[in-house]
Amino acid sequence: MEEKPSLLIIGNSNVGKSSITKLLLKDASAFKGKIGKNPGSTLLIKPIIQKNMPYQIVDLPGFGYAKGSSQRREKHIKDLIVTHIEKNNDKYFYCLMVLNILRIEDEIKKYHIKNLKTIPLTFELISFLKEFSISILIIINKIDKVTNLEKKRIINLFITTAKLYNLHLIPINEYNENNIMEIPYLEFSAVKKTNLGILKKNIDQLL
Ligand SMILES: Nc1nc2c(ncn2[C@@H]2O[C@H](COP(=O)(O)OP(=O)(O)O)[C@@H](O)[C@H]2O)c(=O)[nH]1
Ligand SMILES: [Mg+2]
């Protein structure tokens, strides 16, 4: 049987990958993945395949900060992701990179403002994925947890910092796919289903 095209969902533990996966499935009740359980345990790379869906979903842990994880384990996860993407990038038609809006500022402070020698792992991961020709969408999740003003401030900081790493983030509704420099992002809430329609439409367009 022909393998279905794969959608890659990548992000640190607890950002909402399983919640978003569940929203995309045709039959959510058949979803075995646990939401909010075992943070950082998603080391198993096993696609979620459903009969009535035109694509399959692969959920991968992100680089860095799984709760309570050792540096050795983090290095191991990073190697695993790098190897997986180097080997399998041609299977993926789209990559959703999920971020928790509440963690963006922390990461920038720790790895950019306070230490100019390090790169925030999010930017490292985006740059790495861009080397392959997989289309990327950055999902800024959990926007229901911040005020509108906070949301604007954090996203502005994110965009401004990304520019310093040569990454040009642009709201998905302004994104021009012919400009290979641009990377689209979408404000999202898996709990409130904010912009779920836009997300589904974009996935369908790329299939
Ligand atoms: N407030 C809020 N909570 C969310 C959202 N998305 C996920 N969560 C919660 O965040 C926790 C982790 O979600 P999960 O999908 O398991 O994250 P994963 O580890 O990336 O797979 C769970 O308690 C979810 O209910 C969101 O958009 N808003
Ligand atoms: Mg999960």
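Refer to the structure presented above.
The present account deals with the structure reproduced in this document. (Residues numbered from 1 in each chain as written. Chains lettered and ligands numbered in written order. Predicted model: local features only at pLDDT ≥ 70, side-chain atom pairs only at ≥ 80, totals over all residues. Heavy atoms only, no water.)

## Considering the overall build of the protein chain
- Scanning the protein chain from terminus to terminus reveals 6 helices and 6 strands.
- For the protein chain, the N- to C-terminal ordering of α and β elements is β-α-β-α-β-α-α-β-α-β-β-α.
- Burial status across the protein chain gives 46% buried among its 207 residues.
- Long-range pairs, those at least 24 residues apart, make up 73% of the contacts in the protein chain with a sequence separation of at least 6. (Helix = DSSP H or I, 4+ residues; strand = E, 2+ residues; numbered from the N terminus. Buried < 20%, exposed > 50% of the residue type's maximum accessible area, 1.4 Å probe, protein only. Contact = heavy atoms within 4.5 Å.)

## A few points about the pairing of strand β6 (residues 182-187)
- Counting buried residues in β6 gives 5 out of 6 residues, a clear majority hidden from the surface.
- In this sheet, β6 lies alongside strand β5 (residues 168-171) in parallel orientation, the contact comprising 4 bridges. Note that in β6 the partner of L169 across the bridge is I183. (Pairing = 2+ DSSP bridges.)

## Concerning helix α1 (residues 17-24)
- Burial analysis of α1 places 6 of its 8 residues in the buried class, which makes it a mostly covered element.
- Tucked inside the fold, the buried residues of α1 contact β1 (6-11), β2 (56-61), β3 (92-100), β4 (136-141) and α6 (196-206).

## Comments concerning the nonpolar core
- Residues I10, I85, L129, I138, I140 and F158 are the most contacted members of the largest nonpolar core, which totals 35 residues.
- Not counting the four nearest positions on each side in its chain, I85 is found in contact with L8, I10, L60, F128, L129 and F132.
- Judged by nonpolar contacts, the second largest core, of 24 residues, contains I20, L96, I139 and I172. (Core = buried A, V, L, I, M, F, W, Y, C linked by side-chain atoms within 4.5 Å.)

## Here's the deal with the environment of A190
- Note on placement: A190 falls in the loop between β6 and α6.
- A190 gets classed as buried once you look at its relative accessible area, which sits at 14%.
- For the pair formed by A190 and D144, sequence separation is 46 residues and the distance between their alpha carbons is 8.9 Å.
- In this structure, A190 is in contact with S19, I20, L23 and N141, ignoring residues within four places of it in sequence.

## Overview of unusual backbone geometry
- Positive phi, normally seen in glycine, also occurs at K142, with a value near 70 degrees.
- Relative to the elements of secondary structure, K142 occurs in the loop between β4 and α5 (148-164).
- The phi torsion at N166 lies on the positive side, around 65 degrees, for a residue other than glycine.
- Assignment of secondary structure puts N166 in the loop between α5 and β5.

## Overview of α6
- Looking at α6, one finds that the buried residues are L196, L199, N202 and I203. One side of α6 holds all its buried residues, which, seen down the axis, span an arc of 130 degrees. Counted as exposed and oriented over 90 degrees from the buried face of α6: G197, K201 and Q205.
- Considering only its buried residues, α6 is in contact with β1, α1, β3, β4 and β6. (Arc of directions from axis to C-beta.)

## Remarks on the pattern of salt bridges
- Counted according to the given criterion, the structure contains 6 salt bridges.
- Residue K78 pairs with E124 through a salt bridge whose shortest N-O separation is 3.2 Å. Here the residue K78 occupies a position in helix α2 (residues 71-88), and E124 occupies one in helix α4 (residues 121-130), the gap between them amounting to 46 residues.
- Assessed through its relative accessible area of 24%, K78 is described here as partly exposed.
- A salt bridge links E187 to K151, with the shortest nitrogen-to-oxygen separation between them at 2.9 Å. Taken together, the positions of E187 in strand β6 and K151 in helix α5 put the pair 36 residues apart, joining distant regions of the chain.
- Under the relative-accessibility criterion, E187 is labelled partly exposed at 23%. (Salt bridge = Lys/Arg side-chain N within 4 Å of Asp/Glu carboxyl O.)

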